[in-house]
Structure formats: structure tokens, C-alpha cells
Amino acid sequence: MSSDSESRSFWKLLKRGNTSSATAAIGNTGIAIIKGFAAFMTGSGAMFASTMHSIADAINQAFVFTGSVLAEKKATKRFPTGFGRVINLFCMVAVIVVTVMAYETIREGIHLLQHPAESQGFWINFVILVLSIIVDGFVLWKAMKEIVLESRSEVKGSSVITAAFANVGRAAPPTRLVFYEDLVATTGALLALIAVVFTAFTSFSFLDGVSTILIGLLMIVVAFRVGYDNMVGLIGVAAPPDVEERVANLIFSHTEVTDIYSMRILQEGRYYHVEGLIELKPGMTLAEADDIKFKVRDSLMLDPSIADVTIGIIEDNGVRNWQPESVNA
């Protein structure tokens, strides 16, 4: 392969990476630099905690974007099932980073409770934290829209918020991580802003340490949630019932198919792997049955969320086997 072809292939792969994590990594890098400068200049513990969170987010989301790019690589002879679960490994690295940062943040909060520090530069902290809320809020909104897109929820406007919370479990691992992290980042920046205002205009200096500890605890919640989701992803998880129903409807759209004897759909990242055994009308020749099998497979592969399909065929046994998961539930 020529260097030009390799370059085109690389950029094509890069464009298929998770856009939410790329946007979040760039945004949080800039915010982390500004917050770090403000924390150094003012000595605010809440600003320090918010800085640590932004650093963790930037590192994680850069990791996750890299993982999402590698996960898009096509299957090879050595790795015939593809690289879809690579993203889960990168997300687990992100969990470790968040946990370490959370520990440092909580430790700083405890130190501030024992030895409250006098914070200066109120307006610097105030402006930067407001800017952080705006940037993190924008990234969070983008992640919510990505969740809606990946879960195929046809909603618009403010309904995107409720749909994102309802369908976050069906989004790709990097999108879920960005959603959880920026939800906490926005909340953390708001807590830091409240602490900065209260410590500047009241005698409640302990709020600086309290808000720092709360931000650290929120980071631990994110670490556990993302860790659990990716552990499940590494093991392999069944597709949601509505995905199973959609696949079944596509199969039954072929009039020669009389029943689905068995079907298993495995979710891997934002892609699905379909394995099934379908029943066809009696009396078909082997060549005719093969044609139907390939038609069913090809129709399923038109769905961009389906990575591969393995279909077997048998003659109708006269017994109704297929029952949707929603009926069994």
C-alpha cells in the first residue's frame, strides 16, 4: 500500500472516531489550563478541585477518542471479530485516571477543612468558573444529542435532555463516558462557583473544603459507573429489546421466512453482532433457500449499526418458536 493510500485510510479512520470525546478533550484542555492558572494565583481549593477534574476529563477523553478510532479498524485475519471492544479497554484506563484524580481532590478538601486557606482574586475565579459551566454545558449538550442519535430517539428541543438520561445505557462507551464526566464537570463547576461566592462574602470558609470533597466524591461516582459499564461491555451484553424487535421485523419482511428458530444479538460498543437460525417455507430447493438466506443477511447489513450477521436456515417445523423479548419480559 502506498503512503498516500495509508494517509487517506488514516484520516478516514480518524473521522470515524467519537466526536463527543474529541470535542470534550479539546474543550477541557483549554479549561484546565485556565483553571490551573486561576487556582495558582488565588489559592482557591474549589478552583483546584475543578482544575483536577478538568485535567482528568481532558486526559480521559483523549484516551477514549484514541480508543474509538482504533475500535473502527476492520477485522483482520488475526483478529476476525474486529476491534470493537478496544474502546472498553481505553475507558477502563480512563477510570483509573479519574480515581487517582478523585483521591487527590478529596485529600486536598480534607486539608482545606483542617487548614482553611484565604482565597483571593474573586473575580478571576468567578469569570473562569462561569466560562467553565458554559463550556462543560455545551459539551454535555453535544453528548446528549449524540446519545439521542445513537439510540435512534426521534426527539428535538428540550426533550433531548430527558431522552439522553433515559437512553444513556444504549449509547457507545465513549459517548457514555463524556456524558457522565461532563455532567459531573458542570455540577462540579457550579459547586465550585457557589463555594467561591460564599467564601468571598461570608465567614463560611469551610465551604471551600466541603465543595472540594463533594467534587472528588462525584468523580468517584463517575469512575464506578463508567467502570461497571465497560466491564459489562468487555464481557458482552445482549442488545436492547427494541433492537431485537427491529432485527426480527427486518427478517420477517421476507415473505419466505416463516419463523425465527433462535436469535442472539450481542452489543459491542455502538455495533451489534447478529446470529440467528431462521425457518423457511417447506419445499424449497437448496439453491432457493440459500438465495433467501443471503437476501436476509444483506438486508440486515444495510443497517449501519449492525457489524456482522451469521444466519442459518432450516425448514419450517410447524411450531411457533419466536417470541419477542418484550413479550417474555
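Note that the structure is predicted; figures quoted are calculated from it, not measured.

## A word on the environment of aspartate 57
Residue placement: aspartate 57 occurs in helix 3 (residues 45-71). The exposure class of aspartate 57 is buried, given its relative accessible area of 1%. With 41 residues separating them in the primary sequence, aspartate 57 and valine 98 have C-alpha atoms 7.7 Å apart.

## Some thoughts on the packing of helix 7 (residues 173-201) against helix 8 (residues 206-235)
Orientation of helix 7 relative to helix 8, taken along the N-to-C sense of each, is 175°, at an axis distance of 9 Å. Judged by the inter-axis angle, helix 7 sits roughly antiparallel to helix 8. Across the contact of helix 7 with helix 8, the residue classes break down as 15 nonpolar, five polar and five charged.

## Thoughts on the nonpolar core
By size, the foremost hydrophobic cluster in this structure holds 44 residues, and its most contacted members are Phe179 and Met219. Of all the elements in the fold, those that place two or more residues in this core are helix 2 (19-42), helix 3, helix 4 (86-114), helix 5 (122-150), helix 6 (159-167), helix 7 and helix 8. With nine residues, the top contributor of residues to this core is helix 5. Formed by 21 residues, the second largest nonpolar core is a distinct cluster that contains Val247, Ile251, Ile311 and Trp322.

## Let's talk about the pattern of salt bridges
As enumerated under the stated definition, the model contains six salt bridges in all. Close ionic contact of aspartate 259 with arginine 320 constitutes a salt bridge, the shortest N to O distance being 3.7 Å. Placement of aspartate 259 in strand 2 (residues 257-268) and of arginine 320 in the loop between strand 4 (306-315) and helix 11 (325-328) is noted, with a sequence separation of 61 residues between them. Residue aspartate 259 is classed as buried on the basis of its relative accessible area of 2%. On the accessibility criterion, arginine 320 (53% relative accessible area) is exposed. For the salt bridge of aspartate 298 with arginine 297, the shortest nitrogen-to-oxygen distance reads 3.2 Å. With a relative accessible area of 33%, arginine 297 lands in the partly exposed category.

Definitions and limits used
Residues numbered from 1 in each chain as written. Predicted model: local features only at pLDDT ≥ 70, side-chain atom pairs only at ≥ 80, totals over all residues. Heavy atoms only, no water. Helix = DSSP H or I, 4+ residues; strand = E, 2+ residues; numbered from the N terminus. Buried < 20%, exposed > 50% of the residue type's maximum accessible area, 1.4 Å probe, protein only. Axes fitted to C-alpha atoms, helices over the stretch in contact; angles between N-to-C directions. Parallel < 35°, antiparallel > 145°, perpendicular 65-115°, else oblique. Nonpolar A, V, L, I, M, F, W, Y, C, P; charged D, E, K, R; others polar. Core = buried A, V, L, I, M, F, W, Y, C linked by side-chain atoms within 4.5 Å. Salt bridge = Lys/Arg side-chain N within 4 Å of Asp/Glu carboxyl O.

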